[in-house]
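Examination of the molecular architecture
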Amino acid sequence: MSTDYKRTHHAGRGIPVVGNDIDTDRIIPARFLKEVTFETMGEHAFEDARKQNPEHPFNSPAHKGASVLVVGQNFGCGSSREHAPQALMRWGISAIVGGSFGEIFFGNCVMLGIPCMVVSQDDLEWLQKAIARNPHETVTVHVEKQEVRFGDRVIEAAMPDGPRNQLVGGTWDSTAVLLEAGGAIEATAKKLPYVTGF
Amino acid sequence: MARTLLDKVWEAHTVRTLPSGQTQLLIGLHLIHEVTTPQAFQMLKELGLKVRMPERTFATLDHIIPTTDQTRPYADPLAEEMAVHMIRNAKDFGVPLFDMSTGKQGIVHVIGPELGLSQPAMTIACGDSHTSTHGAVGAIAFGIGTTQVRDVLATQCLAMAKPKLRQVRVEGTLAKGVYAKDVILSIINQLGVKGGVGYAYEYAGSVIERMTMEERLTVCNMSIEGGARCGYVNPDQTTIDYLRGRPHAPVGAAFDRASGWWKSMATEPGAEFDHVARLDGSVIEPVVTWGINPGMSVGVSQRIPAPESAPEADRSTFREALAHMAFEAGQPIKGAKIDVAFVGSCTNGRLSDLRAAAEVAKKGKVAKHVRALIVPGSQQVAKAAEAEGLHEIFQAAGFQWRKAGCSMCLGMNPDQLVGREMSASSSNRNFIGRQGSPTGRTLLMSPAMVAAAAITGAVADVREILR
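Structural notes on the overall build of chain A
- Broken down by element type, chain A carries eight helices and seven strands.
- Once the C-alpha set of chain A is aligned to its principal axes, its extents read approximately 60 × 40 × 30 Å.
- Out of the 198 residues belonging to chain A, those deemed buried represent 51%.

Dropping the structure here:
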C-alpha cells in the first residue's frame, strides 16, 4: 500500500463544535442526500444549524481553513449516512477529536481515512476553549502515538487497535485487503447451512 | 464454556483475521436501497469489480418514493434520478429488485423479515442504521456506510471488530396500552443514547420472550438509538412459526433442518455477558419523547424534567432541547398540542401497528387542526390491512391512507413537517430537522399513542381512550 494512504498524524487549525449527541441529521439533513454523488456534500455541512445560528463555528471566518474538528460526546450518532463524514471531509476536516462517537459514523470516518480520537471530558472542554481563544494555533493529532498536541499541552487520545492499525498502516481503504482473502470467502460461505440450502 | 448467539454467528462467519487485528466477516444477506448505494456502485464500476454474490443481495426502493402519486417519472426530479440509478444498477449488476411492480416493495427493514430473507444466525448488513431491526429473528444485523456497502458488494465481507455483549432483560407483564415501542423507549431512557456504543444488545426476559415477532422487530429496530449497532433476540418457537411459509424461507424437510440449526445457534444457558441490564416491564407506562434525542422521554403521566436533573455534561443539550421544543421544565407532556400525526416507518409500520392505531381511530375523529398520515411499511402490509378494512377505519376517522415507504420518518419525499409544526410520530428519531423542516418538532410514541394524539389534537393517554 502506498505511503499516501498512511494516516500516522495530521496537523492543522482547530474548529470546536460544542454539545453532546450531535447526530448525523444535524451534520447533514436528509433532504440534501438526494444526490447520486458525494460531490456537493461539503456545501451542506451543518447547513440548518449554520442558518439558524450565525455564531456557528462553521460560519466563523476565524475557523475558515480549519481541519481538526473538536466535538463532545456521542458525536455522529443516529443515521448511518456516510454523507455526514463526506460533508465534513469535503468542507475540509481531516481529523476529529471528541469525547465519544456514534459507532457507524466512526467506522465511516475510518473508511475515508479520517481518524476519530477519544479524549477525556476535561481535555475536550479545555481544547475547545483553547481553540476558540486561539483559532490560528495548530492542533496536531497523532494517531500512532495516540495523543493530541496544542501549544505546550499534550493530551492523551485513544483509538481502538483495529482502526488505528488500519489508518497507520494505510489499509483503511479496505476493498483491496478484503479481496486478498480470495477463495476463502466462498469457502466460508459454503460451510453455512443457509447458503447451501440446509 | 456456554456460548452466546453472537459468539457462534461471529465464528461461523469469520473468513480470517486481518493484519489490523479485525475480523474479515462474511455477510450472509446484503440489503440495499436507493439512497446509500449509487456512490457504492459507481466506485465498483471504477474498480472494474462485479457484485461478488448477487444471489445474497436484494434491493428495494423506500426512502425517496412518494406515498401518493407514484407515477413515473416522480414529480421530484432528484427522487426520480435516485430511482433510475437503483433500477439501472440492479439490472447491470444482476441484483433482484423489489420495485412497485412486484407487490413486494416496501421499507427495507419491513420486507426483509416479511419475505423470509432475514433468518436466524445470519449476518445481515445494509446501508441504513436501522438494520438492527433484523436482529429480531436472531440475526446479527447492523448498519453500514456507503464505502462499506462497496466492500460488501465487491467482497461480501466487512472488516469489523467483534462488539461486547450486553443482555437487556425485561421481566414482568406489560399493562394494557403499553407496547413494544414503550419498552424500547424505556430501555433507551434508562441506558442512555450512548450507553450501547461498543455493544451488541441481546434482548431477553419474560416480556421479550412473550412478544410477537413484530413486537421484537420494533424493539431491535431502535437498538441504534441506544448506541448499540446491533440488537437481537434469540431464535425460539415464535421465530420458527413466524418464518414458516414465507417466500424465501426454506420449505419441507429443509425447513425442519433449518429450525434445528437456528435453535442450536441460540445463546446457551449459563453464558456470560460483558454486562446485564434489568428492567421491570410492569412499571412501564406509555412513553413520549419531549426532547431532541430518543433518550429524552417520560411516561405520559409525567412532567418534563428540569436540566438540573441531568448530569452536568448533558445540561446544555437539555436546555437546547427545551428551547427547540418550546417546552418548560415541569410541564406535563400530556396535553402538548400537535399539528401532525404520523403512523409508519421501519419501527412501527407493520400490520400489528396499524391494527393498534385503528383500534384507537375507531374511538373518534382526527382533530380539525391535525394532519394525520398512515403509511404502511410495505405493499404487503398495505394489502393485508386493506383486506381487513383498516384503511376504511382510518379514512372514516379523517386519516390519510398512503402508499408504502419511509415517508415522514425522515422527510426525503414530499411528506414533511412545515415550519415549527409539532408531530406525534411512531418513527424512531426526534432529532432537530429530522422530519423535513429545520425547525420542526417531533414527539416519538407508539402507533396507538399517535392515533390517540391525532383524535385528541394533543398528547393523550391511550389507556384512557381504550378503557
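Structural notes on the domain arrangement of chain B
Residue and element names in this part refer to chain B.
- By the assigned domains, chain B splits into domain 1 (7–160), domain 2 (164–283) and domain 3 (291–466).
- Its C-alpha centre places domain 2 at a distance of 24 Å from the equivalent point of domain 3.
- Tallying the contact residues gives 17 residues for domain 2 and 18 residues for domain 3.
- Only α6 (180–191) and α8 (213–221) provide two or more residues apiece to the side of domain 2 that touches domain 3.
- It is α6 that provides the largest number of residues to the side of domain 2 that touches domain 3, a total of five residues.

Notes on the pairing of strand β7 (residues 140–143) of chain B
Residue and element names in this part refer to chain B.
- Neither face of β7 is open: one carries I140 and F142, the other A141 and G143, and all of them are buried.
- Where strand β6 (residues 123–126) meets β7, four bridges bridge the pair, whose relative direction is parallel. Within β7, the residue paired with I124 across the bridge is A141.

Regarding the pairing of strand β7 (residues 153–156) of chain A
Residue and element names in this part refer to chain A.
- Both strand β6 (residues 147–150) and β7 contribute to a ladder of four bridges, which runs antiparallel. When the bridges of β7 are listed, R149 appears paired with V154.
- Connecting β6 to the antiparallel partner β7 that follows it, the hairpin turn spans two residues, and G151 within it adopts a positive phi of roughly 60 degrees.

Here's the deal with the sheet that holds strand β11 (residues 230–233) of chain B
All names here are of chain B.
- Strand order in the open sheet formed by four strands is β11-β10-β9-β12, and the pairing between neighbours is parallel. Looking at which strands have only one partner, the edges of the open sheet turn out to be β11 and β12 (275–280). Averaged over all neighbouring strand pairs, the angle between strand axes comes to 25 degrees, with direction disregarded.
- Where strand β9 (residues 164–171) meets β12, six bridges bridge the pair, whose relative direction is parallel. Counted as the bridge partner of R166 is H275 from β12.
- Along the sheet, α6 makes contact with β9 and β12, crossing β12 at roughly 125 degrees.

Thresholds, definitions, all that
- Numbering of residues starts from 1 in every chain and runs along the sequence as written.
- Following the order in which they are written, the chains are lettered starting with A and the ligands numbered starting with 1.
- Only residues with pLDDT of 70 or above have their local features reported here, since the model is predicted, and side-chain atom pairs are shown and tallied only from 80 upward, although totals for entire chains, interfaces and linings are computed over all residues.
- Labels follow the DSSP assignment, with helices taken as runs of H or I lasting at least four residues and strands as runs of E lasting at least two, numbered in each case from the N terminus.
- Exposure is read from a count of other C-beta atoms within 10 Å of each residue's own; the residue is exposed at 12 or fewer, buried at 20 or more and partly exposed in between. C-beta atoms are placed from the backbone.
- What counts as a domain boundary in this text is fixed by an automatic or database domain assignment.
- Here contacts are defined at the residue level, using C-beta atoms placed from the backbone and a cut-off of 7 Å between them.
- For two strands to count as paired, DSSP must find a minimum of two bridges between them.
- Axes, fitted as lines to C-alpha atoms, cover a helix only where it is in contact. Angles between the N-to-C directions of the axes lie from 0 to 180 degrees.

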